[in-house]
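Spelled out from the first residue to the last, the chains are:
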Amino acid sequence: MKIKPIIPDRLESISEDAVKGRSLWHDARRRLFQNKAAVISMVILGIIVVLAILAPYLSPWPYDDPDWGYDFPGPPNAELKHWFGTDGNGRDLFVRTLYGARISLMVGILATSVSLLIGVTYGATAGFIGGRVDNIMMRIVDILYSLPFMFFVILLMVFFGRNIFLIFIALGAVEWLTMARIVRGQTLSVKKKEFIEAAHATGVSTRKIITRHIIPNVLGPVIVYMTLTIPMVILTESFLSFLGLGVQEPLTSWGVLISEGAKQMESAPWLLIFPAIFLAITLFCFNFIGDGLRDALDPKDR
Amino acid sequence: MNSGAQSPVKEPILSVRNIKVYFPIQTAGLFSGTIPLKAVDGVDFDLLAGETLGVVGESGCGKSTLGRGILQLLELSDGNVVWMGNNIGGLSFREMKKYRKQLQIIFQDPLASLNPRMTIGDIIAEPLTVHYPELSAEERTQQVKDMMDRVGLLPLMINRYPHEFSGGQCQRIGVARAMILKPKLIVCDEPVSALDVSIQAQIINLIKGLQEDFGLSLIFISHDLSIVRHISHRIMVLYLGNAVEVADRKRLYNNPCHPYTQALISAVPIPDPDLEKAKQRIVLQGDLPSPLNPPSGCVFRTRCPLARDLCAREKPRLQQIDPDHQVACHFWQEAQDQRII
């Protein structure tokens, strides 16, 4: 870690009208960028995202049509630009892995956003109102927790058919429970702080107290939990796809690819290896970023 | 120390009548119910414009609860709070809002009372944004800067965050936030007990200066008798949620008439080793009784050297023994005569 010279900086700013303060967010960002694992993870994740976005331009092969002039399945072949080989239907695995990345990342981010939206609203409301309302709201969460989640998702799929948006909703609807608990706990502890009482004494409205004073102060743990939820959701989606409840052909996700690869593990190992590497690296990256964020946002807990 | 010399206008700005704050406490067991914790159990006083009322008492005697009860930050179980002729006890949030401008509070823990995610400019400006939303951003900033200057903060620090300041500076920010609306009454809830001694003096002098400039009334809650003596015109001694003695500052220190007040004052160290050694201290036996189950009659009788049967039977009322002196003790004359220090 290099120590930057701060003195010249300070001297300059004193001559200005007002000194710019360093917010807690600013400090956290600095600490995050000092964490090597987190920075490398962000770079790798960025590369994967760019690859997924540019997928159609990176390979001459489409993701849904077979290459009739090559083996079904065929091993990796650089000359034909089948870098990861082809699958049992002769489709290029490289393009399919990147298309799978699109679906997997989208599921991860959208389902987490759904859980964030429901969880933060629900948890902050329960925590702030407290008393009996809090009791009832959290008992509802407890009851939902005790329902077998897989059964719930499978039921949804059977009832409404396989639909990518249903997966987002189903996953988000399950993941918000933990988020709600975390936000409620944080809200309860922030609510007791004296600055909230000061706001009451000033006559700040309840809505303003929640949005200006409580939510910014519970955001730290929420962000951390969010980065840890994304890989969890991706994994769950892969699991659902593995069971055959995921996205529909010819669309694909990493879970679908791994599921297919596992069936031909002995004859065509590349079908399993490449998507599995992508999935593992992505999960690793999200977890490292989550770790880095936790240390950055709450340095006391390290 | 000229605060006692000024004679404030003789017209109460705040009248507190028999206020009670009870907290329901869950009892254990199968058939659980709630029993009241009597944090403040019937306190009366008047506060004049420009006057400082010191509130002293040991930990857990209801000092802070009293202050919050007056500001309607806690629900009153009983009693009236009359502010400039209007009863504000039990008003709804909306009805209370117009009085919030005139009633403010300064907290004990300077850092905890400031939102760590807001710049101090935003923190000090918040009361303005709530009560004067029509102000333009420049006017608001100007007012904030003027107030920062007045409380001894450099106005160019306006964009800094609370964690970048020391405890004393944070308390100045708290004072600025309380003062920005030019209130008429500030409840100071142990504003200096978290600060070190040299800083305490600065903050006390700042508050006194503001009081003189703006004609503030103060309710100054503290457990430090020396500080209360320095800043107050009148002093109220609380014991277990009850006022046991209310007197003019000089009278209270020179002629305390309640055995509890006498014990408190005898515990104040004198900055002279010879006097301090010669001084006799009254050491009270036992602990503060539980406010869940206060003693019958006089709340102080369990620790009082003068306690008799009458004290257990009958609760002494606060009686006027002099124009500036009220005491709640059946045997105050005896206590006054026995006084050694």
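Residues numbered from 1 in each chain as written. Chains lettered and ligands numbered in written order. Predicted model: local features only at pLDDT ≥ 70, side-chain atom pairs only at ≥ 80, totals over all residues. Heavy atoms only, no water.

**Brief notes about the overall build of chain B**
When its secondary structure is counted, chain B shows 12 helices and 12 strands. Relative to the 2.2 N^0.38 estimate, which gives 20 Å for 341 residues, the radius of gyration of chain B is 21 Å and therefore close to what a compact globule would have. Based on the C-alpha atoms only, the size of chain B along its principal axes is roughly 65 × 60 × 40 Å. Residue burial in chain B is summarised as follows: out of 341 residues, 51% are buried. Long-range contacts, defined here as pairs at least 24 residues apart, represent 66% of the contacts in chain B between residues at least 6 apart. Carbon and sulfur atoms make up 50% of the accessible area of chain B, which totals about 15,300 Å². For chain B, the centre of its 36 positive side-chain charges and the centre of its 36 negative side-chain charges are spaced 2 Å apart. (Helix = DSSP H or I, 4+ residues; strand = E, 2+ residues; numbered from the N terminus. Rg over C-alpha atoms; globule rule 2.2 N^0.38 Å. Buried < 20%, exposed > 50% of the residue type's maximum accessible area, 1.4 Å probe, protein only. Contact = heavy atoms within 4.5 Å. Areas by Shrake-Rupley, 256 points an atom, 1.4 Å probe, with all protein chains shown as cover. Lys, Arg positive; Asp, Glu negative; His and termini not counted. Charge placed at Lys NZ, Arg CZ, Asp CG, Glu CD.)

**Description of helix α6 (residues 197–214) of chain B**
In this model, α6(B) (18 residues) spans 26 Å end to end at C-alpha, consistent with the 26 Å of a helix rising 1.5 Å per residue. Within α6(B) the residues assigned to the buried category are B:Gln200, B:Ile203, B:Ile204, B:Leu206, B:Ile207, B:Lys208, B:Gly209, B:Leu210 and B:Gln211. (Expected span 1.5 Å × (residues − 1).)

**Regarding the pattern of salt bridges**
Taken as a whole, this structure holds 16 salt bridges over all chains when the rule is applied. With its nearest N and O atoms 2.5 Å apart, the salt bridge here joins A:Asp142 to A:Arg181. Here the residue A:Asp142 occupies a position in helix α6 (residues 131–146), and A:Arg181 occupies one in helix α8 (residues 164–191), the gap between them amounting to 39 residues. Overall, A:Arg181 belongs to the partly exposed group, its relative accessible area being 36%. For B:Glu58, the salt bridge goes to B:Arg303, with nearest N and O atoms at 3.4 Å. Highlighted residues: B:Glu58 in the loop between β3 (52–56) and α1 (63–70) and B:Arg303 in the loop between α10 (273–278) and α11 (309–313), separated in sequence by 245 residues. (Salt bridge = Lys/Arg side-chain N within 4 Å of Asp/Glu carboxyl O.)

**What to know about the environment of A:Val247**
With respect to the helices, strands and loops of the structure, A:Val247 is situated in the loop between α10 (206–242) and α11 (254–263). With 143 residues separating them along the chain, A:Val247 and A:Ser104 place their C-alpha atoms 9.9 Å apart.

**A look at the packing of helix α5 (residues 93–129) of chain A against α6(A)**
Interhelical geometry of α5(A) versus α6(A) gives an angle of 145° and a closest axis separation of 7 Å. Of the residues in α6(A), those touching α5(A) at A:Tyr122, A:Thr125, A:Ala126, A:Gly127 and A:Ile129 are A:Gly131, A:Val133, A:Asp134, A:Met137, A:Met138, A:Ile140 and A:Val141. (Axes fitted to C-alpha atoms, helices over the stretch in contact; angles between N-to-C directions.)

**Overview of the sheet that holds strand β5 (residues 86–87) of chain B**
The strand order across the open sheet built from 4 strands is β2-β1-β4-β5 (chain B), with neighbouring strands paired in antiparallel fashion. Looking at the sheet topology across the chains shown, the edges are occupied by β2 (34–48) and β5 of chain B. (Pairing = 2+ DSSP bridges.)

**A closer look at the sheet that holds strand β11 (residues 319–322) of chain B**
Residue and element names in this part refer to chain B. With mixed pairing, the 8 strands of this open sheet are ordered in space as β6-β7-β8-β3-β9-β10-β12-β11. Taken across any chain shown, the strands that pair with only one partner, and hence form the sheet edges, are β6 (103–106) and β11. Adjacent strand axes in the sheet meet at a mean angle of 20° when their direction is disregarded. As defined by bridge partners, β3 adjoins strand β8 (residues 217–221) across 4 bridges and the pair is classed as parallel.

**Comments concerning the interface of chain B and chain A**
With 31 residues of chain B at the contact, the number on the chain A side is 26 residues. Counting the surface chain B buries against chain A, the share from its top three residues, B:Arg117, B:Glu126 and B:Leu156, is 25%. At the junction of chain B and chain A, the tally comes to 2 salt bridges. Among the ionic pairs, A:Glu197 bridges to B:Arg68, the shortest N-O distance being 2.5 Å. (Buried area = accessible area lost by both parts, 1.4 Å probe.)

**What about the nonpolar core?**
Residue and element names in this part refer to chain B. Judged by nonpolar contacts, the single largest core of 68 residues is most densely connected at Val144, Met148, Val151, Ile173, Val175, Ile186 and Ile207. Sort the elements by how many residues they give to this core and helix α5 (residues 167–179) lands first, with 6 residues. Excluding residues that lie within four positions of it along the chain, Val175 makes contacts with Ile106, Val151, Leu206, Ile207 and Leu210. (Core = buried A, V, L, I, M, F, W, Y, C linked by side-chain atoms within 4.5 Å.)

**A few points about the packing of helix α7 (residues 149–160) of chain A against α10(A)**
A packed helix pair is summarised by two numbers, namely the angle formed by the two axes and the spacing between the axes. Residues and elements named next belong to chain A. In the contact formed by α7 and α10, the axes pass within 12 Å of each other and the chain directions differ by 60°. On the basis of the axis angle, α7 is oblique to α10. The element α7 and its partner α10 pack so that their crossing is right-handed. Where α7 approaches α10, its residues Phe149, Met150 and Val153 are matched on the opposing element by Thr236, Phe239 and Leu240. (Parallel < 35°, antiparallel > 145°, perpendicular 65-115°, else oblique. Left-handed = near helix turned anticlockwise from the far one by under 90°.)

**Focus on the packing of aromatic side chains**
A full pass over the atoms with the stated rule returns 9 aromatic pairs over all chains. Here B:Arg117 stacks its cationic end above the ring of A:Trp25, 4.2 Å away from the centre of that ring. The ring of B:Tyr253 carries B:Arg229 above its face, with NZ or CZ at 4.4 Å from the centroid. (Phe/Tyr/Trp six-rings, centres within 6.5 Å; stacked < 30°, edge-to-face > 60°. Lys NZ or Arg CZ within 6 Å of the ring centre and 35° of its normal.)

**Observations regarding the pairing of β6(B)**
All names here are of chain B. Going residue by residue along β6, you find Leu103 and Ile105 tucked away on one face and Gln104 and Ile106 tucked away on the opposite face as well. Strand direction decides the pairing type here: β6 and strand β7 (residues 185–189), joined by 4 bridges, are parallel. By the bridge assignment for β7, Leu103 is matched with Leu185.

**Observations concerning the confidence of the model for chain B**
This prediction gives chain B a mean pLDDT of 87; 96% of its residues lie at or above 70. Long-range and interchain partners of residues 1–9 of chain B, a stretch whose pLDDT sits below 50, account for 19 contacts in this model, where long-range means more than four residues apart. (pLDDT = per-residue confidence, 0-100.)

**Observations regarding unusual backbone geometry**
Comment: phi is negative for the bulk of residues other than glycine, and the bulk of peptide bonds are trans. All names here are of chain B. Here the phi dihedral of Met84 falls at roughly 50°; this positive angle occurs in a residue that is not glycine. When you line up the elements, Met84 lands in the loop between β4 (78–83) and β5. Met84 sits in the partly exposed class, given a relative accessible area of 42%. Not every positive phi belongs to a glycine, and Leu240 is a case in point at roughly 50°. By the element assignment, Leu240 lies in the loop between β9 (234–239) and β10 (242–248).

**Notes on a positive patch on the surface**
Together, A:Arg207, A:Lys208, B:Arg94 and B:Lys97 make up a positively charged patch on the protein surface. Looking at the positive patch, the elements that each hand over two or more residues are α10 of chain A together with α2 (93–100) of chain B. Within the element layout of this structure, B:Arg94 appears in helix α2. (Patch = residues over 30% accessible without salt bridge, like charges linked within 9 Å, V, L, I, M, F, W, Y side chains within 5 Å.)

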